[in-house]
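# Structure at a glance
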Amino acid sequence: MPRKKSTTKKQPQKKVQAKKATTKKKVVKKVDLKNVDPKKEKKKTKGPVYTTLRGMKDILPKEGVMWQHLYHTAEDIAGAYGFSYIETPILEQASLFVRSIGKGTDVVDKEMYIFEDKDGSKVCLRPEVTASIARSYINHGMHTFPQPVKVWYWGQMFRHDRPQAGRYRQFHQFGCETFGIQSPVVDAELIAVAYNMLRDLGIETTVKINSIGTPEDRENYIVELVGYLRSKRSYLSDESKKRINKNPLRVLDSKHEQDKAVMEEAPQILDWLSDKSRGFFMSVLEYLDEAGVPYVLTPTLVRGLDYYTDTVFELYTEDDEGSQSALGGGGRYNGLVGQLGGEETPGSGFSLGIERVANILKKQKEELEKQEDYKPEKPGGIFFAQLGEQACKRSLHLIEELRRSGLRVYHNLAKSSLKAQLETADKLGVSNTLILGQKEVQDGTILIRNMESGIQEVVDQKKIVNTVQKLLAK
Ligand code: AMP
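Residues numbered from 1 in each chain as written. Predicted model: local features only at pLDDT ≥ 70, side-chain atom pairs only at ≥ 80, totals over all residues. Heavy atoms only, no water.

### Remarks on helix α18 (residues 464-473)
What α18 keeps buried is the set Ile-464, Val-465 and Val-468. Mapping the buried residues of α18 onto a view down its axis gives an arc of 95°, with all of them on the same face. Exposed residues lying more than 90 degrees from the buried face of α18 are Lys-470 and Ala-473. Lining the buried residues of α18 we find β12 (382-386), α15 (389-404), β14 (432-436), β15 (445-450) and β16 (456-460). (Buried < 20%, exposed > 50% of the residue type's maximum accessible area, 1.4 Å probe, protein only. Helix = DSSP H or I, 4+ residues; strand = E, 2+ residues; numbered from the N terminus. Arc of directions from axis to C-beta. Contact = heavy atoms within 4.5 Å.)

### Things to note about the sheet that holds strand β2 (residues 91-93)
Across a sheet, strands are paired by hydrogen bonds formed along the backbone, either parallel or antiparallel in direction. An order of β2-β4-β3 is seen for the three strands of this open sheet, with the pairing classed as antiparallel. Each end of this open sheet is capped by a strand with a single partner; those strands are β2 and β3 (113-116). The mean angle between the axes of side-by-side strands here comes to 35°, regardless of whether they run parallel or antiparallel. Where β2 and strand β4 (residues 122-125) come together, three bridges link them in antiparallel fashion. Bridging from a neighbouring strand, Glu-92 pairs with Cys-124 of β4. The strands touched by helix α4 (residues 94-101) are β2, β3 and β4; relative to β2, the strand with the most contacts, the crossing angle is about 70°. (Pairing = 2+ DSSP bridges. Axes fitted to C-alpha atoms, helices over the stretch in contact; angles between N-to-C directions.)

### Here we look at the site of the ligand
Residues in contact with the ligand amount to 13 residues; listed here are only the nearest, Arg-159, Tyr-168, Gln-173, Arg-303 and Ala-326. The separation between an oxygen atom of the ligand and a polar side-chain atom of Arg-159 is 2.9 Å. At the level of elements, β6 (170-179), β10 (324-332) and β11 (347-353) are the ones that each hand at least two residues to the shell around the ligand. A per-element tally of the shell around the ligand places β10 first, with three residues. Class assignment of the residues belonging to the shell around the ligand gives a composition of four nonpolar, five polar and four charged. (Near = heavy atom within 4 Å. Polar contact = N/O pair within 3.5 Å; in protein donor to acceptor, adjacent residues only side chain to side chain. Nonpolar A, V, L, I, M, F, W, Y, C, P; charged D, E, K, R; others polar.)

### Remarks on unusual backbone geometry
Looking along the chain, the bond that leaves Gln-147 and enters Pro-148 is cis, with omega of 0°. When you line up the elements, Pro-148 lands in the loop between α6 (130-139) and β5 (149-158). Unusually for a residue other than glycine, Asp-310 sits at a positive phi of about 55°.

### Some details on the pattern of salt bridges
A full pass over the atoms with the stated rule returns 20 salt bridges. Here Asp-106 ties to Arg-243 by a salt bridge, and the two come within 3.2 Å at their closest N and O atoms. Of this pair, Asp-106 sits in helix α5 (residues 106-111) while Arg-243 is found in helix α9 (residues 238-246), placing the two residues 137 residues apart along the sequence. Several salt bridges converge on common partners, so that one network encompasses Asp-106, Lys-110, Glu-239 and Arg-243. (Salt bridge = Lys/Arg side-chain N within 4 Å of Asp/Glu carboxyl O.)

### Structural notes on the nonpolar core
Among the nonpolar cores identified, the biggest contains 47 residues, and Phe-179, Leu-229 and Met-263 are the most heavily contacted of them. With five residues, helix α8 (residues 215-231) is the single largest residue contributor to this core. The contact partners of Leu-229, leaving out residues within four places of it in the chain, are Leu-236, Ile-244, Pro-248, Val-251 and Met-263. Counting residues in each nonpolar core, the second largest holds 43 residues, with Ala-74, Cys-176, Leu-327 and Ile-354 among its members. (Core = buried A, V, L, I, M, F, W, Y, C linked by side-chain atoms within 4.5 Å.)

### Examining the environment of Glu-239
Its location among the elements puts Glu-239 in helix α9. Among the residues examined, Glu-239 registers a relative accessible area of 35% and is labelled partly exposed. For the pair formed by Glu-239 and Asp-259, sequence separation is 20 residues and the distance between their alpha carbons is 9.7 Å. Beyond its immediate stretch of four places on either side in the chain, Glu-239 contacts Lys-110 and His-256.

### Let's talk about the domain arrangement of the protein chain
The domain boundaries assigned to the protein chain delineate domain 1 (61-213 + 273-365) and domain 2 (382-473). Centre-to-centre separation of domain 1 and domain 2, based on C-alpha positions: 47 Å. (Domains from an automatic or database assignment.)

### Thoughts on the sheet that holds β10
As summarised here, the arrangement of the eight strands in space is β1-β5-β6-β11-β10-β9-β7-β8, forming an open sheet in which the pairing is mixed. A strand with exactly one partner marks an edge of an open sheet, and here the two such strands are β1 (84-85) and β8 (295-297). In the packing of α6 onto the sheet, the strands contacted are β5 and β6, and the crossing angle to β6 comes to about 45°.

### So, the packing of aromatic side chains
Applying the stated criterion to the full structure yields eleven aromatic pairs. Aromatic pair Tyr-85 and Trp-152: ring centres 4.8 Å apart, planes at 65°, arrangement edge-to-face. Here Tyr-85 is found in strand β1, whereas its partner Trp-152 is found in strand β5, with 67 residues between them in sequence. Taking the relative accessible area as the measure of exposure, Tyr-85 reaches 37% and is therefore partly exposed. Judged by its relative accessible area of 4%, Trp-152 falls in the buried class. On the numbers, 5.8 Å between centres and 75° between planes, the contact of Tyr-307 with Tyr-333 is edge-to-face. With Tyr-307 in the loop between β8 and β9 (309-318) and Tyr-333 in the loop between β10 and α13 (336-339), this residue pair connects regions lying 26 residues apart in the sequence. Like Tyr-307, the residue Tyr-333 is buried in the burial classification. An aromatic cluster is defined as three or more aromatic residues linked by ring pairs; in this entry it consists of Trp-67, Tyr-71, Tyr-85, Trp-152, Trp-154, Phe-174 and Phe-350. When the ring centre of Tyr-168 is taken as reference, the NZ or CZ atom of Lys-57 above it lies at 5.6 Å. Its guanidinium or amino end placed over the ring of Phe-83, Lys-150 lies 4.7 Å from that ring's centre, counting from NZ or CZ. (Phe/Tyr/Trp six-rings, centres within 6.5 Å; stacked < 30°, edge-to-face > 60°. Lys NZ or Arg CZ within 6 Å of the ring centre and 35° of its normal.)

### Let's talk about the packing of α15 against α18
Put simply, α15 and α18 touch, their axes get as near as 10 Å, and they point 55° apart. Put simply, α15 runs oblique to α18. Pair α15 / α18 crosses with right-handed handedness. Contact residues: Leu-398, Glu-401 and Leu-402 in α15; Ile-464, Val-465 and Val-468 in α18. Residues that form the contact of α15 with α18 fall into these classes: five nonpolar, no polar and one charged. (Parallel < 35°, antiparallel > 145°, perpendicular 65-115°, else oblique. Left-handed = near helix turned anticlockwise from the far one by under 90°.)

Printed below as a string of structure tokens:
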């Protein structure tokens, strides 16, 4: 009996202990998760361990041809209009942009990739490049160069914006800047370069244009505008309400429908321009007429940045749903160089967003490929296939000889099967393939195979360059 008694007493105790142990185990598990070992995490995660950061993307080899085409189109048109290439660092002192773009703008207040460098100074990844080029103009005494100084650039910009279609955190811009001349023809030329580059690429755009006058014109206008906005405050979006005091000009191009309705009755900046600014603007429009660049006067267009004066413009395109997206923009910035500590120097420029342009070209290509009679363009080159170790060694010499003569030679020397190499040539879409086997190495010949008919011809290796050049010229 005493044994029995003790057993019955102990049993519930055991249960309690068991419960405690389970609870303890769970807690330990949770703590463990906090300090996840990257190796264990790798096993648990289904997808890849590393991906690009939000709003950033890789440009893949299959997109490479288009990106290179875009770059060369930009290079060609900028060169044709007499712009020289300039490149400035991606990392700059943060205050360069705060001072030029201005507080109260989205770019400065919300979107800058700003951080402390190892020496404690504030640096940032450039959100745009005009200020960097103005800095470079001052640093290198470009005011002593023959004026105007005309430069073009291509590179990555960084804005910590909310990613969405056509809006990334790292993106490319191509642009042109002209320093040192206060003339309406400069503005018209810049607009023509941007417009014609897009037209060359097969993209029709609408140029929206306005003048925001001199800083004095703007100050007078802002007083009038703020009065109007205050009188309509209750009809405005919350965002625009906040902007009345902070950056009232931005209310003009607000995307909110309720703001758009209020803006229809708003005072227009064109009515507040001084005679000089109005005359300047009229001349820009006349030059655009001469250059055959169509435009739409847009009184609500003010652009987001502080440094603009007089002419401002944006280039828009419409997608299938009829909604508009800005491919680029720019304007005159007479105060910028002075604002950054240089001599007062007039300037004007534009930038185009390359990702948005690339997206349009990609869509156009997809549409083209859907057409029944679509035939992909043949690449302008030849494939080189080789069989056996001797042939592989010899092919390096022959490929180089062809390349030096300006010919494009596709090859895959790591592959030994002829079938696999011919399949690659087929996929590439080349019209002809050179085939070098053991026998050809020994007798100094090479085969040329017509990929469509399959007919092969024997050619003397010494005549290979000439023969291929003739074939590709057909
Ligand atoms: P902005 O410097 O803001 O005048 O921009 C000029 C052009 O750059 C715009 O019209 C867009 O095409 C492009 N762009 C600006 N911000 C972005 C972004 N976050 N992502 C992709 N493209 C952009």
